[in-house]
Amino acid sequence: MWKKLFQPYAVIITVYVFVLIWLLSMIKLNFHFLNPFSNGIKDYEITDIVYSRMRNEDVKIDERIVIVNTGHPDRTKIAQMLQRIAAAQPKVIGVDVLFANRKQPREDSLLQVCFKKNDNLVLATLLENYREDIGQFQAISGIDSFFSQYARTGYINFPSTTTRTIRYFSPMEKTGEGPAFGFATEIARLYDPAAVEKLLNRKKDLETIHYTSTASSFLQFEPETILDTSIDLSAQLRNKIVLLGYSDTDEGDCPLLDKFYTPLNPYYSGRADPDMYGIVIHANIIQMILNGKFVNKVPAWLSFFLAVLCCYFNVLLVDWVEDRYPRLYHPFTRVVQVIEMILLFFIISWLFYTFRLKWDFTYGILGLALYFDVLLSYEAFSKRRHQRLINKLPGIFRKGKGE
């Protein structure tokens with residue numbers, strides 16, 4: 001049994017493949033003509049196809065969350081809208097607008113009065129100056145203390161990554177002023193503390209956002225509707241989460257304000273326009289927390305181990321084919337590579353779609369793409385050099401290529 005499963009030749013090829021992958025990962029190419037291609041590849045994941053093509057297209061309104069478009073932020077108008085919304089007795093109000101500086105005393109005072117009267121408000125902030133040596137942010141900005149002293153706050157930063165697509169959020173961060181909660185986390189904590197406790201017990205610095213809804217999945221109001229005193233808002237807003245932020249349903253004169261790329265973008269390759277406003281992303285995060293449906297990942301060590309096994313047994317397979325069917329050696333190997341790539345695509349997609357299990361099998365896919373070419377290079381240049389090493393192994397392990 002061991003004679004068949006352990007082949008020094010296959011071990012050497014597998015080692016060469018992953019050394020090559022490691023070397024390639026160390027090389028930094030910075031050619032301008034490659035930037036569009038390389039950026040597109042980095043900004044793409046297989047699970048994007050699950051989101052943009054395989055998800056359920058039926059629109060189901062989430063009755064717990066309501067989105068209110070602020071339009072271009074005007075403090076007097078926002079204060080008036082908050083008064084109307086608060087009168088409808090929502091359970092939580094989240095305001096995704098930064099009040100970084102004081103402006104006109106009158107409108108600032110109106111806002112402050114609104115914040116004083118409502119203890120269920122969450123205002124947006126920003127975290128700045130992250131220090132890796134101590135693992136915390138040094139400053140909380142984006143809101144003047146004139147406002148923040150009368151309301152809860154939550155940071156609206158999305159984690160910085162090498163891609164433009166918003167895939168992750170940070171539930172909680174350490175700051176020089178103590179622990180700080182994310183905007184969505186703080187809102188969910190007011191609405192359902194047990195759900196947030198479940199989130200924090202996962203003890204993950206970053207959580208993958210499980211997108212389940214577009215803007216059409218939430219009840220939305222424009223400023224004019226909120227400010228219309230002839231409309232009773234209680235039926236739509238009472239005991240709900242009301243999120244105020246820029247969300248232009250008409251895609252008017254400023255369609256890209258506070259808008260981002262997400263995996264729900266139907267153009268998952270070569271995207272032209274961002275597809276989701278920040279307030280809708282926060283709504284998705286809140287929805288995920290309240291539903292308790294988080295994305296889990298296959299451990300990195302297990303993915304790497306499976307990648308090595310996959311590469312190793314593929315080398316054994318083509319070795320067997322070469323010994324018995326030499327004429328089919330090349331075409332068989334290329335066909336197997338294509339079939340395995342397709343199967344992996346469907347397996348990774350199925351795991352994510354069915355179990356919300358994210359499997360990063362990058363090393364395995366690269367191994368499948370490279371092993372045959374590495375094998376050919378080995379046979380052409382390195383076979384004789386390693387044959388001496390193989391001959392020194394115990395007799396039980398000597399069966400391999402070149403004997």
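Our structure is the block above this text.
Residues numbered from 1 in each chain as written. Predicted model: local features only at pLDDT ≥ 70, side-chain atom pairs only at ≥ 80, totals over all residues. Heavy atoms only, no water.

Participant: Account for the overall build of the protein, naming residues and giving values.
Facilitator: Per the secondary structure count, the protein includes 15 helices and 15 strands. Considering the protein as a whole, with its 403 residues, one finds that 45% of them fall into the buried category. Taking all contacts inside the protein whose residues are at least 6 apart in sequence as the whole, residues at least 24 apart take part in 79%. Accessible surface, the protein: about 22,000 Å² in total, of which carbon and sulfur atoms supply 58%. (Helix = DSSP H or I, 4+ residues; strand = E, 2+ residues; numbered from the N terminus. Buried < 20%, exposed > 50% of the residue type's maximum accessible area, 1.4 Å probe, protein only. Contact = heavy atoms within 4.5 Å. Areas by Shrake-Rupley, 256 points an atom, 1.4 Å probe, with all protein chains shown as cover.)

Participant: An account of the packing of helix α2 (residues 8–26) against helix α13 (residues 300–324) is needed here, citing residue identities and associated values.
Facilitator: Viewed as axis vectors pointing N to C, α2 and α13 meet at an angle of 130°, and their least axial separation amounts to 9 Å. The pairing of α2 with α13 is recorded here as oblique in orientation. As α2 packs across α13, the resulting crossing turns out to be right-handed. Facing Tyr9, Ala10, Val11, Ile13, Thr14, Val17 and Phe18 of α2, the residues of α13 in contact are Phe304, Ala307, Val308, Cys311, Tyr312, Val315, Leu316 and Asp319. (Axes fitted to C-alpha atoms, helices over the stretch in contact; angles between N-to-C directions. Parallel < 35°, antiparallel > 145°, perpendicular 65-115°, else oblique. Left-handed = near helix turned anticlockwise from the far one by under 90°.)

Participant: Please give an account of unusual backbone geometry that cites residues and values.
Facilitator: Even without a glycine there, the phi angle at Gln89 is positive, about 60°. In this structure, Gln89 sits in the loop between α5 (75–87) and β2 (92–95). With relative accessibility at 47%, the residue Gln89 sits in the partly exposed group. At Asn239, a residue that is not glycine, the phi angle is positive and equals roughly 65°. With respect to the helices, strands and loops of the structure, Asn239 is situated in the loop between α11 (234–237) and β11 (241–245).

Participant: Before we move on, could you go through helix α12 (residues 278–291) and cite the residues and values that matter?
Facilitator: Between its terminal C-alpha atoms α12 stretches 20 Å, which fits the 20 Å expected from 14 residues at 1.5 Å a residue. Of all 14 residues in α12, 13 are buried; the element is thus mostly enclosed. Of the residues trailing α12, Gly292 is marked for its positive phi of about 65°. (Expected span 1.5 Å × (residues − 1).)

Participant: Before we move on, can you summarise the side chain of Ser217 with the specific residues and values?
Facilitator: When you line up the elements, Ser217 lands in the loop between β9 (207–208) and β10 (219–221). For Ser217, a relative accessible area of 7% corresponds to the buried category. Not counting chain neighbours up to four residues away, the residues in contact with Ser217 comprise Val59, Lys60, Ile61 and Asp62.

Participant: Got a sec to walk through the packing of aromatic side chains? Specific residues and values, please.
Facilitator: Counting across every chain of the model gives 19 aromatic pairs. Between Tyr51 and Phe352 the ring centres are 5.3 Å apart and the planes differ by 75°, which places this aromatic pair in the edge-to-face class. Taken together, the positions of Tyr51 in helix α4 (residues 47–54) and Phe352 in helix α14 (residues 329–355) put the pair 301 residues apart, joining distant regions of the chain. The interplanar angle of 80° and the centroid separation of 5.5 Å between the aromatic rings of Tyr312 and Phe313 together place this pair among those described as edge-to-face. (Phe/Tyr/Trp six-rings, centres within 6.5 Å; stacked < 30°, edge-to-face > 60°.)

Everything listed here is a matter of geometry and, on its own, says nothing about what the molecule does.
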